[in-house]
Every structure is written in C-alpha cells, then in structure tokens.
Amino acid sequence: MLKEKFFISIAVLFLFFTAMHAQAYAKRYRVQATIIDGRTKKGIKRIPFTVMPFNKVLDTNNQGEFLFNLPKGEYSFTVDYYPFDKKETKINLKKDTTFIIELHSPFESQYIEEVEILSSKSAIKQQASIQQIDSHLLNVLPALIGERDILKAFAQTAGVTSSSEGAADMQVRGGNHGQNLYLLDGVPLYSTQHFFGMVSVYNPLIVKSAKLYKSGFPAEYGGKVSSVVDVFTGDANLTKFSGALDISLLSSKALFNIPLAKNKMALAISGRISNYSLINISSLNKLNTDGAKYNLYFSDINANLFWKISEKDKLKLTWFNNSDGFGVTTKDKYYITASWMDNKQKNLGLNWYRTISENKENQLLAYVDSYGFDFGLSYIGIDSELKSINQLLTGINSVGLVDKFIWNLSDRLKVTSGGSLKTIGFYPAQVHLADTTIAHAQTSNLIQVIEGVAFAESQYQFASNQQLTTGLRCSTFGNSSIVYPNLEPRIGYHGIFTHDISLSASIGRLTQLVHRLANSGLGVPLEIFMPSNKDLLPESSWNFSLGLAKDFSIKENKSSLKIDAWYKSFQNIAEFRDGYDALSVMFNNLDMANQTMEIITQGNGKACGVDISSSFIQKHWSFSADYTLMQATNQFSDLNFGKPFAASTDIRHSLYLMLERKFSTDLTMAVTWQYRSGKPITVPTQLFQYPSYDFETGALSNSYFQYQAIENGRNNYRTKAFHKLDITLTKSYKVFKRHEGSYSIGLYNAYNRANSYIYYLSKELNLDRTYKPVLKSMSMFPILPSFSWSMKF
C-alpha cells in the first residue's frame, strides 16, 4: 500500500513539472507591427503604446515598429497620444502576425516629429509659395556663433532676404519686415527682435512647427500685406517627463516636459538667457574701475499647460515673455550719467480645441498681449541739485478673441469659417523731458481702436488631386473718429498631374491697419506703431502667383524643382519723410499722435520676381539651391520729387546653396554659400561748405569746417554685393551612455569676406579747394567660430 502511494506521488509530481515545463516553454509566435500616421503613411518613431493584459507601456523604434514573441492568447495594443485619436487594436494570437496601426488626428491637427536622416520632400504636395522649416534643417544649418534661428532659416529660402548681414528679420517678395504677420500659438507678435536685431524671439527648442506663406493666404490670416509666419510650440507630453538643454556661444536654453496627471494634464516650459546676462548678474551693483557699469541682456520664456479634458475637448494655456536691453552708467567728478534701453513683450493665450462630431471641429482662442520700448538718458549732479531725464516710450497692447469652425462636408468639400474681435491700445511715441527729476515715466494709451473680422473659406476637390480654394475676409477697424471697412477676396488652385507634376496659382488681397515704422537692419530696435486714422490710410496689397513643381526619381536618387512667378502691388505704404527716422522723433521731441503727417508720408509700390528652388538627394548627401530674381519700386508724391525709385527691399539677385554630407549615422557636415546683390541706399552726391566771415575785414574764407550734404535722389546708390561661406560639423553621441546629445562646431564667413555693413560719408579736397563727398564702408562680421551643444533626456 505504501509502495502504491509512493508511485502515485511520483506520478503527480511528474505531471505537475511536465505541465509547468510545457507552460514555460509553450510555443511562442512572432508579433510585428508598425504604428503609422494616417496622413503621411509614415511610421511614428518613439510613440508610446500600452500592451494588455500586461499593462506595460513601451515605445516604438525609430521606424515606428515593435516586435514581440508571445504565447498563444488574446492581446490588445492601445495608443493614446495627442494629437491622435485614441486607438485600440485587439488580436487573437494563434500564428505569426504582422499588422499596421494607423492613427488619425482631428482635421487640421498635425503630428510633426523630428527628422534625423536625409529624406526627400515632395515638392508637389503643397503650393510652391508655402515654405516649412523642420527640426533637421534647423539643426544642421550653419549659424552665426552657433545661435540657430527660425527667421534666419526662412531668410535663406527663395523669395526671402534679411535687411542686412546678421539681422534676424525677413523681407518677403518686396515687402519689409513690418509688413509680415508673425504668430506664436495663434497670438500675433508685434516685435520679433533680440540682441539689437541679431536674434529672433522664437526659441527653437520649444517650436514644433513653423510655416511661411508667401502667397496663397488662407482667409483666416490678415492684418499685414506681405507674408504670414505661423509658429506653434510643442504640446506638453502627457505620458512622461522629458527635457532638453542647448548651449551656444551666445545663449543657453532649457526645456522641461512635466506630466501633472498622466494622460490628462502636463506642463511644458522653456527658457533662454544670454550667456553674458549670467556674467552681468554678479556685477550689477558694481562700478568698473574705469568708472562705468554695463548691463547687456536678453531672455525669453515659453510655457504651455495642456489639459486633455476628454477625447473631444482639449485646452492649451500658453504664456510668452521676452525682454532685452542694455544699460550704461558712468561717473565723473561732476555727474552720474545713465543711459538705457528696455524692450519687452508678453502675451497669454488660451486655446480650446473641441471635436463636435466626426466631421466638425471648433477652435477658440482668447489672448492678451503687450509690447513696450523704453529708451533714454538721465543726469544727476554730484555737487549740485541738477536732475534731468530725456526718455522715449513707445508700444502697443491688445486683447482679442478668435473663433474658427471647421466642417468637413464630404471627402471633397471642407469649409472653414470664423471671426475675431480685438481692441488695440497705442502709445506711438511718448517723449518725457524733465529737469527736476530722473523718475521714469510710465506708458499710457494715447489711441484706442477696435477691430472686427469675419472670414469664410472653402476647399473643394473637384477632381482627383485637383483642389480649388476660395475665401473672403471682411474686417472693420477704427473708433468713434473714423471706421475703415475692408474686403479681402482670396482664390487659389493646386493640382497634381501625372509624371509627378503640380501646378498652383493664387490671387489675394491683404490689408494692414497697424503701421510699423522702424530703422532697418541692426541697431537700436526702436519700433513705432501707428493705427490708421483720418490722415494715415490703411495699407493694402494684391498678391498674384503662379507656380510649377516637379519631382524626379532615378533609382534611389530623388530630386525636385519648384518655380514660382509672382507679382505684388502695394497701396498706401508708410515711410518716414526725408530728414526723419525713428530716433529723430525722440531727439526732436516730436508728437507722433498729433504731427503724424508732418513725419510720415504714404505712397504706392510694386514688386515682381521669380523664385526657383531645387534639391537633389542621395543616400548620404543632399544638395539644394534657392534663387530669386526680383525688382521692387516705390513712388511717393512727397519723396524723390514724385518720381519712382528703387525700394530698400530691391535686392535684384539672391542665391543660397547648401550641401549636406552624412558621413555616418552620427556625423554630418553642412556647407552653405550665400550671395546677394547690393541693396539701394540714399547717399549724398555733393558737399557745400559753410563759409566763415571775418567781421574786421568782411572777407569770406573756408576756415569754418561745417558742411551741408546734398542728395539728388532717394535710394540713389547700391551697396556692394554680399557673399559668404559657412561650414558646420555636427556630431551625435550618447550623453552618460543613455541620453541623446550632439555638438556642432563650425566657421561663419569661412573665407573672411569683408562684407560692407556700415556706410559712412567722408570728404576729399578738390584742386579748387572745394570738397567732394567720398563714400566709405566698414565690415562687421569677419570669420567667426560657432559652437553649440545640446542634449535630450
């Protein structure tokens, strides 16, 4: 009996271990899947997904793929990642399985990820007049002392130039910097300058997407007459903490993504500060040994709080604050002298994205913003009671509400409509002079106006790959004194044909009711904003474009070509009269609000040209070229004797070449060469010497060395051509063996071209003892090193 029990026990144990062995080594099946963007049909790298029943969150690889070996059973894979709709895929695993998870985002929302490898961009997918900047291009482009900038990247594309070397501004197809609409998360920016115009306020670390419209403007955009720059910051990551650091020779940047409630709420905050600001902090209250104290700085902060209320409702609260300026305090035995410049801008916006149904969506934006500029000089007597101040204040602020409704009526027809209401306060130029105090004056609104807008647009696909866009924007602007109504019709066409050819055309009218007057190029960033009134008429423009694009593919090599011909006419553009500029307003104590037409005049202009862009891409290297041929002229009844003259934006030829070579997966070199023909400036053509008078003899002589310069026309001289070569080498590596990092080293102006930056007037003595003017120039940017380091964690 005992023996039988023993054998039964052995049999039970054998069966138990056999079952355990079978379970541990049960046959497993291969599960391979790719998560793709339904819009682009491309894999989405590093997107998180949840595997059930394990309840484990994993990420896809760089190709958007994942691979498992799992035993037979039921599994589900769930992706819940903004801006995509939540999607769950279930499988009953009985054999090796391969499948695709296709994600879709609501209507206009787009998921834009970083590009890390050389890839071709189709030239035929969108209109030739639309330009986008991706993170790959921004990271590899050579940059002045390593400071990458979105506006400078746009300025290296066809149809766009900067006003001068090193300037972070844009002149688009004959328009000037003040005629461009700059947006950040839907909120308009009135000033885009840092560090005397060398850096823009767009921090590349937090930017998700940046798009430039040179023509073919959607009906929702308006308020400026030349172009639109629409920039969005990245939404805060709802699932995990992450961050990034970036250090260049000029500034330091940091970005932090902080989930507050998993899959519901998160905060993203990014900051940038100039490196010399950190040095200034330790010496703000100390006078240097030479009796002077200096303070030079710039900084900005971007933050957004993202709240996913439900699958249909999402809120995004954004905050932006930037400031820059300088201060110099000197002391001698008689006076303490202080000079300063403060340039500040901030805005707060709340975006509400609501999915009403499968084919309807609403976007509501409420915002408040302000911009202010303070520039001045003060004196304090050391042994006397002397106190004086000479101060200029200028700025603008607004409060706005924008609503946009999107309705997909069918697969062929999409309608977008909406409206906005905005109140704007101006203080164009407040001059504060006092000889009894050094207390700084505060700004106050001198002019208040209200702007109302309604717009509607339809996109109709009347045949396969053939789309017609029609729109109308209606606006009113003014106050109790005067109201200006405006109609802005828009029409566009984009068609894709066989053999990878596309054709695009557009016609549109734009109006600008807020005028910006400023000194161009680098220097003190004094900007004066004036509303249209009974004397100062609204600016307007008609924009025409016709574009052709072609994609080529030869084996593994891909190339593209885009040609866009365009024409613009400007009406009522505003310029300073002869003898005036932004600084003279301060030094002459002029009243911009009441002396508007004594300082400003208006006229018309026109510009035409051809933009040509091409690219050629192989596996390890790429080449691109952007060329523009253009002409821009202005005509004012009060300038240049009423005759037409070349506009300051008339840069006849501009060429930009870029070669990128990828030596390995972690080492890339970029070489760029840029050429611009000379731009028009106004120079004197004659000098007249004031004679001196001898009261004893009554004789006249040339001993009084004061001269009067005479000009025979406006923009009567073209500067020397500009060209330079830049080189950058970028190396990617693992920081602390786990975090993605890279550093870039390079040369700006590698062959040390002495490009003329400042032109000034000198004189030479003629044989008849009279003087003739001599124009001389000075360069500002010789060969310079560049360096930047970045890390993501």
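Source: prediction; values computed, not measured. (Residues numbered from 1 in each chain as written. Predicted model: local features only at pLDDT ≥ 70, side-chain atom pairs only at ≥ 80, totals over all residues. Heavy atoms only, no water.)

Draft legend 1. View of the overall build of the protein chain. The helix and strand inventory of the protein chain stands at six helices and 49 strands. Relative to its full complement of 793 residues, the protein chain shows a buried share of 48%. Taking the intrachain contacts of the protein chain between residues at least 6 apart in sequence as the baseline, contacts between residues at least 24 apart amount to 65%. Here the protein chain has roughly 38100 Å² of accessible surface; of this, 59% comes from carbon and sulfur atoms. (Helix = DSSP H or I, 4+ residues; strand = E, 2+ residues; numbered from the N terminus. Buried < 20%, exposed > 50% of the residue type's maximum accessible area, 1.4 Å probe, protein only. Contact = heavy atoms within 4.5 Å. Areas by Shrake-Rupley, 256 points an atom, 1.4 Å probe, with all protein chains shown as cover.)

Draft legend 2. Region of the structure containing the sheet that holds strand S1 (residues 28-37). The strand order S4-S1-S7 describes an open sheet built from three strands, whose pairing is mixed. Across the chains shown, the open sheet's two edge strands, defined by having one partner strand only, are strand S4 (65-71) and strand S7 (97-103). Going across the sheet, the axis of each strand differs from the next one's by a mean of 25°, ignoring polarity. Here S1 pairs with S7 via seven bridges, running parallel. Considered in S7, the bridge of valine 31 is made with threonine 97. (Pairing = 2+ DSSP bridges. Axes fitted to C-alpha atoms, helices over the stretch in contact; angles between N-to-C directions.)

Draft legend 3. Just the packing of aromatic side chains, in detail. This structure, assessed with the given rule, holds 25 aromatic pairs. Measuring from ring centre to ring centre gives 5.8 Å for phenylalanine 77 and phenylalanine 99, while their planes differ by 50°; the resulting arrangement is tilted. With phenylalanine 77 in strand S5 (residues 73-79) and phenylalanine 99 in strand S7, this pair connects stretches of sequence that are 22 residues apart. Pair check on accessibility: phenylalanine 77 and phenylalanine 99 agree, each one buried. A connected cluster of aromatic rings, assembled from ring pairs, spans Phe49, Phe66, Phe68, Phe77 and Phe99. Over the face of the ring belonging to phenylalanine 552 we find lysine 550, whose NZ or CZ atom lies 5.2 Å from the ring centre. Its guanidinium or amino end placed over the ring of phenylalanine 722, arginine 676 lies 4.4 Å from that ring's centre, counting from NZ or CZ. (Phe/Tyr/Trp six-rings, centres within 6.5 Å; stacked < 30°, edge-to-face > 60°. Lys NZ or Arg CZ within 6 Å of the ring centre and 35° of its normal.)

Draft legend 4. Structural detail: the environment of aspartate 80. With respect to the helices, strands and loops of the structure, aspartate 80 is situated in the loop between S5 and strand S6 (87-93). As a C-alpha pair, aspartate 80 and threonine 50 span 30 residues in sequence and 8.5 Å in three-dimensional space.

Draft legend 5. Geometry of the pattern of salt bridges. Applying the stated criterion across every chain yields a total of 22 salt bridges. Across the pair lysine 253 and aspartate 246 runs a salt bridge, and its minimum N-O distance is 3.5 Å. Close ionic contact of arginine 516 with glutamate 527 constitutes a salt bridge, the shortest N to O distance being 2.7 Å. Of the two residues, arginine 516 sits in strand S30 (residues 514-518) while glutamate 527 sits in strand S31 (residues 527-531), which places them eleven residues apart along the sequence. For the residue pair arginine 516 and glutamate 527, the accessibility class agrees, reading buried in each case. (Salt bridge = Lys/Arg side-chain N within 4 Å of Asp/Glu carboxyl O.)

Draft legend 6. Examining the confidence of the model for the protein chain more closely. In this model, the protein chain carries an average pLDDT of 84, and 86% of its residues clear a pLDDT of 70 or more. Scored below 50 in pLDDT, residues 1-25 shows zero contacts in the model against residues more than four places distant or in partner chains. Counted against residues more than four places away or in other chains, residues 107-120, with its pLDDT under 50, gives 50 contacts. (pLDDT = per-residue confidence, 0-100.)

Draft legend 7. Structural context of a nonpolar patch on the surface. Residues Phe241, Phe256, Ile258, Leu260, Ile269, Ile301, Leu317, Trp319, Leu348, Leu350, Val368 and Val399 make up a contiguous nonpolar surface patch of about 950 Å² in total accessible area. Only strand S18 (251-261), strand S21 (313-331) and strand S22 (335-357) provide two or more residues apiece to the nonpolar patch. In terms of residue count, the dominant contributor to the nonpolar patch is S18 (three residues). By secondary structure assignment, the location of phenylalanine 241 is in the loop between strand S16 (227-233) and strand S17 (242-248). (Patch = residues over 30% accessible without salt bridge, like charges linked within 9 Å, V, L, I, M, F, W, Y side chains within 5 Å.)

Draft legend 8. Spatial organisation of the nonpolar core. By size, the foremost hydrophobic cluster in this structure holds 28 residues, and its most contacted members are Ile396, Ile424, Phe426, Val514, Phe529, Met592 and Ile600. When sequence neighbours within four positions are dropped, the list of residues in contact with isoleucine 600 reads Leu517, Leu536, Ala574, Glu575, Arg577 and Met592. In terms of nonpolar packing, the next biggest core, distinct from the first, is built from 25 residues, Ile150, Phe154, Val160 and Val201 among them. (Core = buried A, V, L, I, M, F, W, Y, C linked by side-chain atoms within 4.5 Å.)

Draft legend 9. Local environment of the sheet that holds S6. Read across the open sheet, the four strands follow the order S3-S2-S5-S6; overall the sheet is antiparallel. The open sheet has two free edges, formed respectively by strand S3 (56-59) and S6, since each of these has just one partner strand. Neighbouring strand axes in the sheet, compared pairwise and without regard to direction, differ in orientation by 25° on average. The sheet contact formed by strand S2 (residues 48-52) and S5 spans three bridges and is antiparallel. Across the sheet, valine 51 pairs through a bridge with phenylalanine 77, a residue of S5.

Draft legend 10. Geometry of the pairing of S22. With 19 bridges joining them, S21 and S22 adopt antiparallel strand pairing. Of the residues in S22, the one forming a bridge with aspartate 324 is asparagine 343. Where S21 hands over to S22, the hairpin turn is made up of three residues, counted between the paired strands. As paired strands, S22 and strand S23 (residues 360-381) are joined by 22 bridges and run antiparallel to one another. Bridge pairing in S23 places lysine 344 opposite glycine 372. Turn length for the S22-S23 hairpin, with the two strands adjacent in sequence and antiparallel, is two residues.

Draft legend 11. Molecular detail of the side chain of asparagine 304. Along the chain, asparagine 304 falls in strand S20 (residues 292-308). Side-chain polar atoms of asparagine 304 contact the backbone oxygen of glycine 234, separated by 2.9 Å. (Polar contact = N/O pair within 3.5 Å; in protein donor to acceptor, adjacent residues only side chain to side chain.)

Draft legend 12. Looking closely at the environment of threonine 628. Tracing the backbone shows threonine 628 in strand S35 (residues 621-635). The spatial distance from the C-alpha of threonine 628 to the C-alpha of glycine 159 is 5.6 Å, given a sequence separation of 469 residues. Dropping the residues within four chain positions of it, threonine 628 is found in contact with Ala158, Gly159, Val610, Asp611, Arg652, His653 and Ser654. Within the local environment of threonine 628, its side chain forms a polar contact with the side chain of aspartate 611, the two groups lying 3.2 Å apart.

Draft legend 13. Region of the structure containing the pairing of strand S25 (residues 413-434). The sheet contact formed by strand S24 (residues 387-408) and S25 spans 19 bridges and is antiparallel. Along S25, the bridge assignment pairs glycine 400 with lysine 422. Once S24 ends, the chain turns through four residues before running back antiparallel as S25. Relative to strand S26 (residues 447-463), S25 runs antiparallel, the two being bridged by 14 bridges. Of the residues in S26, the one forming a bridge with lysine 422 is glutamate 451.

Draft legend 14. Layout of the side chain of arginine 490. Among the secondary structure elements, arginine 490 is positioned in strand S28 (residues 483-497). One polar contact links the side chain of arginine 490 to the main-chain carbonyl oxygen of proline 218, over a distance of 2.8 Å.

Draft legend 15. Up close: unusual backbone geometry. The omega torsion of the bond from methionine 52 to proline 53 falls at 20°, within 30 degrees of zero and hence cis. In the Ramachandran plot, asparagine 749 falls in the positive-phi region, its phi being about 55° despite a non-glycine side chain. Position of asparagine 749 among the secondary structure elements: in the loop between strand S46 (739-748) and strand S47 (756-765). Judged by its relative accessible area of 0%, asparagine 749 is buried.

Draft legend 16. Layout of the environment of arginine 509. Its place among the elements puts arginine 509 in strand S29 (residues 501-512). On the basis of relative accessibility, which here comes to 17%, the residue arginine 509 falls in the buried class. As a C-alpha pair, arginine 509 and serine 215 span 294 residues in sequence and 9.9 Å in three-dimensional space. Here leucine 487 takes part through its backbone oxygen, which lies 3.0 Å from a polar atom of the side chain of arginine 509.

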